[in-house]
Amino acid sequence: VDAFQAWCGLCKPVVNLFQKIRNEVGSDLLHFAVAEVDSIDALEKYRGQCEPVFLFYAGGELVAVVRGADAPLLQKTILEQL
């Protein structure tokens, strides 16, 4: 989940990375979503930050968090979680 604030928008450069990985591992294993933290109370702790935050969930549980648009770290985290 790309958790973002309305004033800074989605982290568009990372979307291409997610699409590439999704094509490589299969669409059934990886799902990408976006969430505007300003409108979701459960994500309140991610408000007021000027860096992208990526939340990784498995089985409905938060399993990893990556702060910043660090493509190698995001790719590593995705592959480890899969």
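Computed from a predicted structure; not experimentally measured.

Some details on the overall build of the chain
Reasoning step 1: Broken down by element type, the chain carries 2 helices and 4 strands.
Reasoning step 2: Order of helices (α) and strands (β) in the chain, N terminus to C terminus: β-α-β-β-β-α.
Reasoning step 3: Its C-alpha atoms give the chain a radius of gyration of 12 Å, near enough to 12 Å, the size a compact globule of 82 residues would have.
Reasoning step 4: Viewed in the frame of its principal axes, the chain has a C-alpha envelope of about 35 × 25 × 20 Å.
Reasoning step 5: With 82 residues in all, the chain has 30% of them scored as buried.
Reasoning step 6: Taking the contacts inside the chain whose residues are at least 6 apart along the sequence as the reference set, 48% of them involve residues at least 24 apart.
Reasoning step 7: Approximately 5200 Å² of the chain is accessible, and the part contributed by carbon and sulfur atoms is 53%.

Looking at a nonpolar patch on the surface
Reasoning step 1: A cluster of nonpolar side chains, namely L29, L79 and L82, defines an oily patch on the protein surface of about 290 Å² accessible area.
Reasoning step 2: Mapped onto the secondary structure, L82 falls in the segment after α2 (71-81).
Reasoning step 3: The class of L82 is partly exposed, set by a relative accessible area of 46%.

A word on the packing of helix α1 (residues 12-25) against α2
Reasoning step 1: At a minimum axis distance of 11 Å, the contact between α1 and α2 shows a crossing angle of 30°. As for the relative orientation of α1 and α2, their crossing is right-handed in sense. Between α1, through V14, L17, F18, K20, I21 and V25, and α2, the contact on the second element is made entirely by A71, L74, Q75, I78 and L79.
Reasoning step 2: Looking at the contact of α1 with α2 residue by residue, the classes come out as 9 nonpolar, 1 polar and 1 charged.

Section: the confidence of the model for the chain
Reasoning step 1: Of the residues in the chain, 96% reach a pLDDT of 70 or more, and the chain-wide mean stands at 84.
Reasoning step 2: Least confident of the elements in the chain is strand β1 (residues 2-4), whose mean pLDDT is 81; most confident is strand β4 (residues 61-67), at 93.

What counts, and at which threshold
Residues numbered from 1 in each chain as written. Predicted model: local features only at pLDDT ≥ 70, side-chain atom pairs only at ≥ 80, totals over all residues. Heavy atoms only, no water. Helix = DSSP H or I, 4+ residues; strand = E, 2+ residues; numbered from the N terminus. Rg over C-alpha atoms; globule rule 2.2 N^0.38 Å. Buried < 20%, exposed > 50% of the residue type's maximum accessible area, 1.4 Å probe, protein only. Contact = heavy atoms within 4.5 Å. Areas by Shrake-Rupley, 256 points an atom, 1.4 Å probe, with all protein chains shown as cover. Patch = residues over 30% accessible without salt bridge, like charges linked within 9 Å, V, L, I, M, F, W, Y side chains within 5 Å. Salt bridge = Lys/Arg side-chain N within 4 Å of Asp/Glu carboxyl O. Axes fitted to C-alpha atoms, helices over the stretch in contact; angles between N-to-C directions. Left-handed = near helix turned anticlockwise from the far one by under 90°. Nonpolar A, V, L, I, M, F, W, Y, C, P; charged D, E, K, R; others polar. pLDDT = per-residue confidence, 0-100.

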